[in-house]
Amino acid sequence: MKLLSIVVPCYNEMETVSIFYRETTKVLDKMDMKYEIIFVNDGSKDNTLFELQKLYEEHKDVVRVIDFSRNFGKEAGLLAGLEYAKGDYITVMDVDLQDPPEFLPVMFKTMAEKNVDIVGTRRVSRKGEPPIRSFFARQFYKLINKFSDVEIVDGARDFRLMTRQVVDSILELKEYHRFSKGIFVWVGYKTEYLEYENVERVAGETSWSFWKLLGYAFEGIIAFTVAPLRIATFMGVLISIVAFFTMIFVIVRALLFGDPVSGWPSMVTIMLFLGGIQLLALGIIGEYLSKTYMEVKKRPNYVVRKIYE
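This is a predicted model, so every value here is computed, not measured.

**Q** Would you mind showing me how to read the overall build of the protein chain here?
**A** Each helix and strand in the protein chain was counted, giving 10 helices and eight strands. Here the protein chain holds 309 residues, and 46% of them are scored as buried. When contacts within the protein chain are restricted to residue pairs at least 6 apart in sequence, long-range pairs at least 24 apart make up 83% of them. Working note: accessible area of the protein chain is about 17400 Å², and carbon and sulfur atoms make up 61% of it.

Take a look at the structure:
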């Protein structure tokens, strides 16, 4: 019998873990398949680990718990779960039930009928989200898809069903700074997406603030395109051309009309503008350099304190 591994990263989710287990196993128990649920406690500061330990003690046959030594971020939790998963099929789900468990049988049916390697999900609406977050999310997908070599589907979730071969390919990518939405697409394979309306959290509050999401978006752009570096180069070339013709203009004007002492406000403005452009270019280069610095240090993506299996 085939084995399904469900990877569930958790951070400060003590109110949702038991609800997630109950609702998900209702669906799984109706499916003709063995399963394991791998919870990854990403250094939670509340009683998430305690709740996970209770689940493990009550359901040792299917529940696994990976406890990090501190908070390493969702990407690290997702990676740890994928590395530990033993299933023939693997899926990633959010513990807040924004990823509907009832989609699992549909995903298997779609995989068989469409003969695909990945069945992903995407939200067709963002009802319930703050308008400013929805606006910036849409702009992010438009921006990254203009410059990236792969297309990241607008509204795509991490919730997807993958074959063992797909996950093995994902695990071959050893980068420290990971952007899973891009990695899932970069490895290729035949993919089909299921659409659904946005589902709000079943309990608790999200740990993803606007600024965390903005930082995550920057991580994705830097991880999957060098377009910012090219833009900085283009701006440098453009400003150099403008400066050259401005210099010619100043020389000609001085020869024809003399060189009265005037125009210092415009000169200061131009200097501040050029200084800002230079700092922007240095900042972009610094971002890429910092990522390279972290990669060459070869630090692990996470440290495990204990595994309950």
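**Q** How do you make sense of the pairing of strand β2 (residues 34–41) when you look at a structure like this?
**A** The side chains of a regular strand alternate between both faces of the sheet. In terms of burial, β2 is largely enclosed, as seven of its eight residues are buried. Examined bridge by bridge, strand β1 (residues 3–10) and β2 share eight bridges and lie parallel to one another. Looking at β2, one finds that Val7 is bridged to Ile38. The parallel pair β1 and β2 is bridged by helix α1 (residues 17–28), and the resulting crossover is right-handed. Sheet analysis places β2 next to strand β3 (residues 63–68), joined by five bridges and oriented parallel. Opposite Ile37, over in β3, you have Val63 as the bridge partner.

**Q** Got a minute to help me understand the packing of helix α3 (residues 74–84) against helix α6 (residues 164–171) in this structure?
**A** Axis angle and axis distance: for two packed helices, these are the angle between their axes and the distance between the axes, and together they describe the pair. Packing of α3 against α6 leaves a shortest axis separation of 10 Å and a crossing angle of 125°. By the angle between their axes, α3 is oblique relative to α6. Read as a crossing pair, α3 and α6 show a hand that is left-handed. Counted together, Leu79, Leu82 and Glu83 of α3 and Arg164, Val167, Ile170 and Leu171 of α6 form the full contact between these two elements. Looking at the contact of α3 with α6 residue by residue, the class counts come to five nonpolar, no polar and two charged.

**Q** Help me understand the pairing of strand β6 (residues 156–163), please; the structure alone is not making it clear to me.
**A** Of all eight residues in β6, eight are buried, a share of seventy percent or more. Note: strand β4 (residues 89–92) against β6, three bridges, orientation antiparallel. For Ile90, the partnering residue across the bridge sits in β6 and is Met162. The sheet contact formed by strand β5 (residues 118–123) and β6 spans four bridges and is antiparallel. Each residue of the ladder has a partner; that of Gly120, found in β6, is Arg160.

**Q** Help me out: how do you make sense of a nonpolar patch on the surface in this one?
**A** Nonpolar side chains collect at one region of the surface, where Phe234, Leu238 and Val242 lie side by side and expose about 300 Å² of accessible area between them. Mapped onto the elements of the fold, Phe234 is located in helix α9 (residues 227–257). Overall, Phe234 belongs to the exposed group, its relative accessible area being 55%.

Criteria and cut-off values
- Residues numbered from 1 in each chain as written.
- Predicted model: local features only at pLDDT ≥ 70, side-chain atom pairs only at ≥ 80, totals over all residues.
- Heavy atoms only, no water.
- Helix = DSSP H or I, 4+ residues; strand = E, 2+ residues; numbered from the N terminus.
- Buried < 20%, exposed > 50% of the residue type's maximum accessible area, 1.4 Å probe, protein only.
- Contact = heavy atoms within 4.5 Å.
- Areas by Shrake-Rupley, 256 points an atom, 1.4 Å probe, with all protein chains shown as cover.
- Pairing = 2+ DSSP bridges.
- Right-handed = clockwise from strand over helix to strand, strands pointing away.
- Axes fitted to C-alpha atoms, helices over the stretch in contact; angles between N-to-C directions.
- Parallel < 35°, antiparallel > 145°, perpendicular 65-115°, else oblique.
- Left-handed = near helix turned anticlockwise from the far one by under 90°.
- Nonpolar A, V, L, I, M, F, W, Y, C, P; charged D, E, K, R; others polar.
- Patch = residues over 30% accessible without salt bridge, like charges linked within 9 Å, V, L, I, M, F, W, Y side chains within 5 Å.
- Salt bridge = Lys/Arg side-chain N within 4 Å of Asp/Glu carboxyl O.

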